[in-house]
Amino acid sequence: MPERATFSTDGQTWRHTAPGKKEGARILYEVTGTGGPLWVAWGPPFTPRDTDALLAEAEKLSPAAKAFELARTRGGRPVRGLRVSEASTPKPPGIWVHARQHAWESGSCWVARGFTEWLVSDDADAKWLRAHAEVFVVPIMDVDNAATGNGGKEATPRDHNRDWDDNPVYPEVAAAQQRLRAMVKEDRLAVFLDLHNPAAGDPTFFYILENQLLKEGARPLHRAGLRAHQQNQAAHPHE
Ligand SMILES: [Zn+2]
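Anyway, here's the lowdown on the structure attached to this text. Everything numeric in this text was worked out from a predicted model, so none of it was measured.

Reading the values: the criteria
- Residues numbered from 1 in each chain as written.
- Predicted model: local features only at pLDDT ≥ 70, side-chain atom pairs only at ≥ 80, totals over all residues.
- Heavy atoms only, no water.
- Helix = DSSP H or I, 4+ residues; strand = E, 2+ residues; numbered from the N terminus.
- Buried < 20%, exposed > 50% of the residue type's maximum accessible area, 1.4 Å probe, protein only.
- Contact = heavy atoms within 4.5 Å.
- Areas by Shrake-Rupley, 256 points an atom, 1.4 Å probe, with all protein chains shown as cover.
- 1 Å grid on protein atoms, 1.4 Å probe; cavity = no way out; pocket = protein on both sides within 12 Å on 5 of 7 lines; lining within 4 Å.
- Points joined across faces, edges and corners; volume = space filled by probe spheres on them.
- Nonpolar A, V, L, I, M, F, W, Y, C, P; charged D, E, K, R; others polar.
- Domains from an automatic or database assignment.
- Expected span 1.5 Å × (residues − 1).
- Pairing = 2+ DSSP bridges.
- Axes fitted to C-alpha atoms, helices over the stretch in contact; angles between N-to-C directions.

**A word on the overall build of the protein chain**
Here is step 1 of the chain: Each helix and strand counted, the protein chain has six helices and ten strands in total.
Here is step 2 of the chain: Burial status across the protein chain gives 34% buried among its 239 residues.
Here is step 3 of the chain: A separation threshold of at least 6 residues defines the contact pool for the protein chain, and within that pool the share at least 24 residues apart is 65%.
Here is step 4 of the chain: Looking at the protein chain as shown, the accessible area adds up to about 14,200 Å², and 54% of this sits on carbon and sulfur atoms.

Structural data, given as structure tokens:
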């Protein structure tokens, strides 16, 4: 239950409701309609159609941006992404950003979208990054569950986010692994960013840096943080 629900009167523009009123295990959001259709959502939606629009816009804005198809899902839907690079060296540092391994977490797509819009913009840092790295963005990984409106958590046959072993069941995970492994083999995978939503009502976030990138004093904290996270995962597997 988010603090505010999201609604739209045209299916395009989304607004937040006023904060909901909690009543025990339920919450009440008030929405005033206009007499026409009304869309109400957990959070601002982001569907494969939004991916298509984002990739087309990025390609229009920058010659460095090129859309690609990462894989076809088990349901036969395309998983699309964007490659952005103007690097002059053949094997520049690789940056991989994907979102929405959990289909309900539409907020992660909006972060991927904001990053993409910045990446193809005239901003000096974005230009620098394009000139020195090869960046991949996949706005929706679990396209099947995002398309059908499922949550995706604890999904059958497997939670998408827990499919990252040697035998992934999702073709898009296998395809991402293949590309990531190739960059690892060339010793140039610089960043791997897996975007998620925090749980409802939880404003905190966490991220994990490689050990070598941490300052000496931060390493024990990093280990302790990981341990705490693993214990938390074991105790609350829904996070
Ligand atoms: Zn998640």
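**What to know about unusual backbone geometry**
Here is step 1 of the chain: Following Thr-156, the chain continues into Pro-157 via a peptide bond in cis, with omega recorded as 5 degrees.
Here is step 2 of the chain: Mapped onto the elements of the fold, Pro-157 is located in the loop between α4 (143–148) and α5 (171–185).
Here is step 3 of the chain: The phi angle at Arg-100 is positive, at roughly 65 degrees, despite the residue not being glycine.
Here is step 4 of the chain: Mapping Arg-100 onto the fold places it in the loop between β8 (94–99) and α2 (106–119).

**With respect to the layout of surface pockets**
Here is step 1 of the chain: Its boundaries defined by the atoms lining it, the second largest pocket holds a volume of some 840 Å³.
Here is step 2 of the chain: Residue lining of the second largest pocket: 30 residues in total, with Trp-14, Pro-45, Phe-46, Thr-47 and Asp-50 positioned closest to the centre.
Here is step 3 of the chain: It is helix α1 (residues 48–61) that contributes the most residues to the lining of the second largest pocket, five residues altogether.
Here is step 4 of the chain: Each residue belonging to the lining of the second largest pocket can be placed in one class, and the counts come to 14 nonpolar, nine polar and seven charged.
Here is step 5 of the chain: When residues of the lining of the second largest pocket are assigned to domains, at least three fall in each of domain 1 (6–41) and domain 2 (48–205).

**A short note on α5**
Here is step 1 of the chain: The first and last C-alpha atoms of α5 sit 21 Å apart over 15 residues, in line with the 21 Å expected at 1.5 Å per residue.
Here is step 2 of the chain: Within the sequence span of α5, burial applies to Glu-172, Val-173, Ala-175, Ala-176, Gln-177, Leu-180 and Met-183.
Here is step 3 of the chain: Asp-187 sits one or two residues past α5 and shows a positive phi near 60 degrees.

**A look at the sheet that holds strand β9 (residues 134–138)**
Backbone hydrogen bonds hold the strands of a sheet together, and the pairing may be parallel or antiparallel.
Here is step 1 of the chain: Judged by pairing direction, the sheet is mixed, and its five strands sit side by side in the order β6-β7-β9-β8-β10 without closing on themselves. Edge positions in the sheet fall to β6 (65–72) and β10 (189–195), since each has one partner strand and no second. Adjacent strand axes in the sheet meet at a mean angle of 20 degrees, parallel and antiparallel pairs treated alike.
Here is step 2 of the chain: Examined bridge by bridge, β8 and β10 share six bridges and lie parallel to one another. Paired with Gly-94 across the bridge in β10 is Leu-189.
Here is step 3 of the chain: Lying on the sheet, α2 is in contact with β7 (78–84), β8, β9 and β10; it crosses β9 at an angle near 145 degrees.

None of this, on its own, says anything about what the molecule does.
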